[in-house]
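Chain by chain, the residues run as shown.
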Amino acid sequence: MALRVYNTLTRQKEDFHPVEPGKVRMYVCGPTVYKPSHIGHMVGPVIFDTVKRFLTYLGFEVKWVVNITDVDDKLIVRARELGTSVEALAHRMTEDYLDCLNKLNVTGIDEFPKATQHITEMIEIMQGLIDKGHAYPSGGDVYFDVASDPDYGKLCNRDPEQLEAGSRIEVSDKKRNPGDFALWKGSKPGEPSWPSPWGPGRPGWHIECSAMSMKLLGKTLDIHGGGLDLQFPHHENELAQSESFTDQPFSRYWMHNGLLKMGQAKMAGSVGNVVNIVDLLKRHSAETVRLLLLNTHYRSPIEYSDERLAEVRRSLDNFYRFFERFQRIRGGGFFALTAPAKLASFDESPPSEFLNEISRLRSTFLDCMSDDFNTGGAIGALYELLTALNRFADAQQLEGAGKTKEALAEFERGAVVLRELSQILGLFAQAPESGGASDELVQGLMQLLIDLRAEARKAKNFAVADTIRQRLGQLHITLEDRPGGTGWRKE
RNA sequence: GGCCCCUUCGCCAAGUGGUAAGGCAGCGGAUUGCAAAUCCGCUAUCCCCGGUUCGAAUCCGGGAGGGGCCUCCA
């Protein structure tokens, strides 16, 4: 069950071996903070958060860095539109971004370096590139000389010659070749700027990632991640400038996540079909969103729609109902269970068909995750685990009179596995919100109705009993007659 | 024009050489006074055409349809 990772650089799955055994250095490109985050921004973070969780589970010590781009053309334009400063806008949007990550239970990011705080490091790299003949100053700007790097284009399988054919590349007489890209842009009056050996200016788009990843994670990363749309030119350029500077591999594995799409097209600011996360979370729970993103393999496009979200929610309810059932059976909550945080072999004693099944599904889950983080397959195993648990609870009458101490213990061991595995996906960390049902008055009134209905049923007065149930149904309250008594749920 | 990728049950979606996971919806059954919840069951040969192979959804060639990148984008 060796871990395998698809590497964009080689276009195939490879066995995973970090530079330093036992440690993983991961860098994922973060947002330009000029607008509120949309769901597309969360795909990468949720996926790589899961990657980190799984690597950590396997015993790796993972350090994960996500950059914040807080200076850029778009930021300047937007700040001007809003009549605010670039710093103030960047600060506000960074808070929004961090808040979204938090809500989606993306907890693994260790550092969020900001571009504006690493100008010195960038200048150092640019100077080094100029000294080595890989870059040249020109009219206040500094450009990377694509022709100086024989490897240029290796990430995206792109020939620099072809780039000239495209008419969409920014034309500039400051460049030697059309494919050359700006490392440093001389600033116009009124724009944010920093002093440099080439005059006042600000960094180009790609240089910050090289500077910050090298500073925080070293010259060679183990995993460099980002959206598929960043492959070219961003990652290609990052790669070129970094390796030209260090003469060492920039990243062992390049991982690119698929894009979120709405209907047939991708969701993106440039397409204008973005769904703001804050708005989204008013309609759907964060856990629903997270599961939607994890349901599809990370390299595939993910289809987004309210209907899909509603569907995911319904499937999630199967788990939520189980958690309530667990509570009824064990008295203690599922969320209070302590599960192993690291991989260990599963002890199947005492030998039983049930534990054997649990062990099998657990292996399926781990095998899927080990095969290029196949979260979709792993989630499939989780549903089967759920069914196995319910089947066992039925067969052993755990809510009724037939239960035994041994069966209860086995049941709990199975539930612990569910908890262990769902933690890897960042799911079920806490009880789902229960729609205001915790109100004391509501509890009391519901109990009153349930008691009245119970008396009616006892007297075989089903008309009254059914009226109570139907009227509650109109209020979106469902009654469930269980072995241990009647329960109810809202929605 | 160049470079990538995708096409699996009504919908979503795993599976990348050994005989098709799972979810949603639907149908039938067990259970129930009736429901709800739970469990069980319900013949998908994998876009089309060729080829390789003992054997292909999985590899190769061709065709059809869709998407991404080549400009800012997670």
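Residues numbered from 1 in each chain as written. Chains lettered and ligands numbered in written order. Predicted model: local features only at pLDDT ≥ 70, side-chain atom pairs only at ≥ 80, totals over all residues. Heavy atoms only, no water.

(A) Main features of the overall build of chain A. Counting its regular elements, chain A contains 15 helices and 15 strands. Considered along the principal axes of its C-alpha atoms, chain A spans approximately 95 × 55 × 35 Å. For chain A, buried positions account for 49% of its 491 residues. Residue pairs at least 24 apart in sequence account for 74% of intrachain contacts in chain A once pairs closer than 6 positions are excluded. Summed over its atoms, the accessible surface of chain A is roughly 22,900 Å², and 50% of this surface lies on carbon and sulfur atoms. Of the side-chain charges in chain A, 58 are positive and 67 negative, and the distance between the mean point of each set is 5 Å. (Helix = DSSP H or I, 4+ residues; strand = E, 2+ residues; numbered from the N terminus. Buried < 20%, exposed > 50% of the residue type's maximum accessible area, 1.4 Å probe, protein only. Contact = heavy atoms within 4.5 Å. Areas by Shrake-Rupley, 256 points an atom, 1.4 Å probe, with all protein chains shown as cover. Lys, Arg positive; Asp, Glu negative; His and termini not counted. Charge placed at Lys NZ, Arg CZ, Asp CG, Glu CD.)

(B) Here's a closer look at empty space enclosed by the protein. In the structure shown here, the tally under the stated rule is two cavities of 30 Å³ or more. Every residue lining the largest cavity is listed: I47, T50, V51, L293, L294, T296, H297, Y298, M369, F373 and T375. Mapped by element, the contributors of at least two residues to the lining of the largest cavity are α1 (40-57) and α9 (286-295). The leading source of residues in the lining of the largest cavity is α1, at three residues. Class assignment of the residues belonging to the lining of the largest cavity gives a composition of seven nonpolar, four polar and no charged. Roughly 30 Å³ of internal volume is contained in the second largest cavity. Together, P31, T32, V33, Y34, K35, S37, H41, M93 and Y97 line the second largest cavity. (1 Å grid on protein atoms, 1.4 Å probe; cavity = no way out; pocket = protein on both sides within 12 Å on 5 of 7 lines; lining within 4 Å. Points joined across faces, edges and corners; volume = space filled by probe spheres on them. Nonpolar A, V, L, I, M, F, W, Y, C, P; charged D, E, K, R; others polar.)

(C) Up close: the sheet that holds strand β11 (residues 260-262). Strands sit in the order β12-β11-β13 across an open sheet of three strands; the sheet is mixed. Looking along the sheet, the strands with just one partner apiece sit at the ends: β12 (265-266) and β13 (302-304). For β11 and β13, the ladder comprises three bridges, and the chain directions are parallel. For M262, the partnering residue across the bridge sits in β13 and is Y304. (Pairing = 2+ DSSP bridges.)

(D) Broad picture of helix α3 (residues 86-103). Over its 18 residues, α3 extends 26 Å from the first C-alpha to the last, a length consistent with the 26 Å expected when each residue adds 1.5 Å. Regarding α3, the residues found buried are V86, L89, A90, M93, T94, D96, Y97, C100 and L101. An end-on view of α3 places all buried positions within 160° of arc, on one side of the element. The exposed set on the far side of α3, more than 90 degrees from its buried face, consists of E87, H91 and N102. The inward-facing, buried residues of α3 abut α1, β4 (61-66), α2 (73-82) and α8 (277-283). N105 sits one or two positions beyond α3 and adopts a positive phi of about 65°. (Expected span 1.5 Å × (residues − 1). Arc of directions from axis to C-beta.)

(E) Quick look at the pairing of strand β2 (residues 12-15). Relative to β2, strand β1 (residues 4-7) is paired through four bridges, and the arrangement is antiparallel. Paired with Y6 across the two strands is K13, which belongs to β2. Hairpin connection between β1 and β2: a loop of four residues separates the two successive antiparallel strands, and R11 in this loop has a positive phi of roughly 55°.

(F) Main features of the side chain of D222. Mapped onto the secondary structure, D222 falls in strand β9 (residues 221-227). For the buried D222, no salt bridge exists, and the shortest N-O distance to an oppositely charged side chain is 4.2 Å, to R25. A polar contact is formed between the side chain of D222 and the backbone nitrogen of V19, at a distance of 2.7 Å. Ignoring sequence-local partners within four residues, the contact set of D222 consists of P18, V19, K23, V24, R25, S251, R252 and Y253. (Salt bridge = Lys/Arg side-chain N within 4 Å of Asp/Glu carboxyl O. Polar contact = N/O pair within 3.5 Å; in protein donor to acceptor, adjacent residues only side chain to side chain.)

(G) Main features of the packing of aromatic side chains. Within the structure shown, the criterion is met by 21 aromatic pairs. Centre to centre, the rings of F319 and F428 are 4.9 Å apart; their planes meet at 40°, and the pair counts as tilted. In this pair, F319 sits in helix α10 (residues 306-330) while F428 sits in the loop between α13 (405-424) and α14 (440-458), placing the two residues 109 residues apart along the sequence. Each member of the pair, F319 together with F428, is buried. Geometrically, the ring pair formed by F326 and F411 is stacked, given 5.8 Å between the ring centres and 25° between the ring planes. A residue pair is termed long-range when its members are at least 10 positions apart, and F326 in helix α10 and F411 in helix α13 qualify at 85 residues. Taking the relative accessible area as the measure of exposure, F411 reaches 0% and is therefore buried. Linked through ring pairs, F319, Y320, F322, F323, F326, F334, F335, Y383, F411 and F428 together constitute an aromatic cluster. A cation sits over an aromatic face here: R158 above F232, 4.3 Å from the ring centre. (Phe/Tyr/Trp six-rings, centres within 6.5 Å; stacked < 30°, edge-to-face > 60°. Lys NZ or Arg CZ within 6 Å of the ring centre and 35° of its normal.)

(H) Inspection of the packing of α10 against α13 at higher detail. Where α10 meets α13, the axes come as close as 12 Å, and the angle between the chain directions of the two elements is 145°. As α10 runs across α13, the sense of the crossing is left-handed. Mapping the contact onto sequence places F319, F322, F323, F326, I329 and R330 in α10 and L408, F411, E412, A415 and L418 in α13. Residues of the contact of α10 with α13, tallied by class, amount to nine nonpolar, no polar and two charged. (Axes fitted to C-alpha atoms, helices over the stretch in contact; angles between N-to-C directions. Left-handed = near helix turned anticlockwise from the far one by under 90°.)

(I) Structural view of the packing of α14 against helix α15 (residues 462-474). Running from amino to carboxyl end, α14 crosses α15 at an angle of 150°, the nearest separation of the two axes being 7 Å. With respect to their mutual orientation, α14 and α15 come out roughly antiparallel. Between α14 and α15 lies a crossing whose hand is left-handed. Contacts between α14 and α15 pair M446, L449, L452, R453, A456 and R457 from the former with F462, V464, A465, I468, R469 and L472 from the latter. (Parallel < 35°, antiparallel > 145°, perpendicular 65-115°, else oblique.)

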